[in-house]
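Overview (structure and organization)
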Amino acid sequence: MAEPGRMTGMRMPTVELSGGVPMPMAGLGTARLLGEPGYAAVREALDVGYRLVDTATAYRNEPEVGRALRDSGVDRSEVFVTTKLPPEEAGRETRVLDDSLRALGVDHVDLWLVHWPPGGRATVRTWEAFLAAREAGKARAVGVSNHTLGQLDELTAATGIAPAVNQVPWSPSRHDPVTLAASRERGVVVEGYSPLSGTNLAEPALAAVADAHGVTAARVVLRWHLHHGIVVIPKSGDPARLRANLDLWTFALTPEEIAAIDALAG
């Protein structure tokens, strides 16, 4: 089995968000990575080549993420930092973002997301506050998480501006080509979280593809996301897994292998 390594001498592939902001195609999710273990995971991730770090106000680890970013020696301009607004903070958007910027120790984030629809509904006033934050230079791009296509359309219809990103759970079992195509038609990039926890890595179809390429089933699943143009943010605090989860461009899946994995959708 191929030994994963660091992304040395290779630039992370990106997708261009609306407004021309480049977003790395793979990054680190940090939910439940708290305290010193969380700091250590983010430091290790930056050391091995991660250039997208995804946090949130609700994760309670923004100070650790910010400290790891400063201590890493990686230039701030090279790291794409995402944070999110808790839905219960709708109406206090400016204060929450300012608190996040202070906790992270930065003057802007690269992407700010509405973590969940406030009250289960698309909230135009919150979206307008996000657009104002972008105009003020506090966020290079703004988007949403866990929103439906209908909710995306409500926000777009009210403001004329679609969210740049919709971060949603995605994995082979959750694959939805209709939603993926409809998002693209709207100019919305799909970012998948929980790509591995939502996957049965013992599936024979995954094992067969993994064996064919001499890699793990986890790396096959992450590479499959990239073939579909889905930004993927697996979470891990283990150094070896961090390296493996980023080593995704040393092999490629065939159309037949992609179709076999697509067929795992429930």
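Anything mentioned here points back to the structure above.
The following refers to the structure shown. The shown structure was predicted, so the numbers you read here are calculated from the model rather than taken from an experiment. (Residues numbered from 1 in each chain as written. Predicted model: local features only at pLDDT ≥ 70, side-chain atom pairs only at ≥ 80, totals over all residues. Heavy atoms only, no water.)

**Details of unusual backbone geometry**
Note the following rule: A run of DSSP states H or I qualifies as a helix once it reaches four residues; a run of E qualifies as a strand once it reaches two. Both are numbered from the N-terminal end.
Backbone geometry at Arg32 places phi at a positive 70°, although glycine is not the residue there. Within the fold, Arg32 resides in the loop between strand E3 (28–29) and helix H1 (35–48). Of note, the phi angle at Arg60 is positive, near 60°, even though the residue is not glycine. By the element assignment, Arg60 lies in the loop between strand E4 (52–54) and helix H2 (62–72).

**Details of the layout of surface pockets**
Quick note on the threshold: For cavity detection a 1 Å grid was placed over the protein atoms alone, and a set of points counts as a cavity when a 1.4 Å probe fits there but cannot get out; an open set counts as a pocket when protein lies on both sides within 12 Å along at least five of seven lines, with lining residues being those that have an atom within 4 Å of a point. Grid points are joined across faces, edges and corners, and a volume is the space filled by probe spheres set on the points. Any residue that is not Ala, Val, Leu, Ile, Met, Phe, Trp, Tyr, Cys, Pro, Asp, Glu, Lys or Arg is counted as polar, Gly included; the first ten are nonpolar and the last four charged.
Reported here for the second largest pocket is a volume of approximately 330 Å³. Every residue lining the second largest pocket is counted, 20 residues in all, and those nearest its centre are Ala31, Arg32, Tyr193, Ser194 and Lys235. Looking at side-chain class alone, the lining of the second largest pocket contains eight nonpolar, eight polar and four charged residues.

**Focus: the side chain of Lys84**
This is how the line gets drawn: Summary of the burial criterion: residues with accessible area below 20% of their type's maximum are buried, those above 50% are exposed, and those between are partly exposed, where the area comes from a 1.4 Å probe applied to protein chains only. Identification of polar contacts relies on pairs of N or O atoms within 3.5 Å, with a donor-acceptor requirement for protein atoms, meaning one able to donate a hydrogen and the other able to accept it, and with residues adjacent in sequence counted only if both atoms are side-chain atoms. Every residue pair with non-hydrogen atoms within 4.5 Å of one another is taken to be in contact.
Note that Lys84 resides in strand E5 (residues 80–85). Given the relative accessible area of 0%, Lys84 is considered buried. Among the polar contacts made by the side chain of Lys84, one reaches the side chain of Tyr59 at a distance of 3.3 Å. In this structure, Lys84 is in contact with Asp54, Thr55, Ala56, Thr57, Tyr59, Trp112, Leu113, His115 and Gln167, ignoring residues within four places of it in sequence.

**Things to note about the side chain of Thr30**
Here Thr30 shows up in the loop between E3 and H1. What makes Thr30 buried here is its relative accessible area of 1%. Filtering out sequence-adjacent residues up to four positions away, Thr30 remains in contact with Val42, Val53, Asp54, Thr55, Tyr59, Asn61 and Lys235.

Geometric descriptors of this kind do not, in isolation, establish any biological role.
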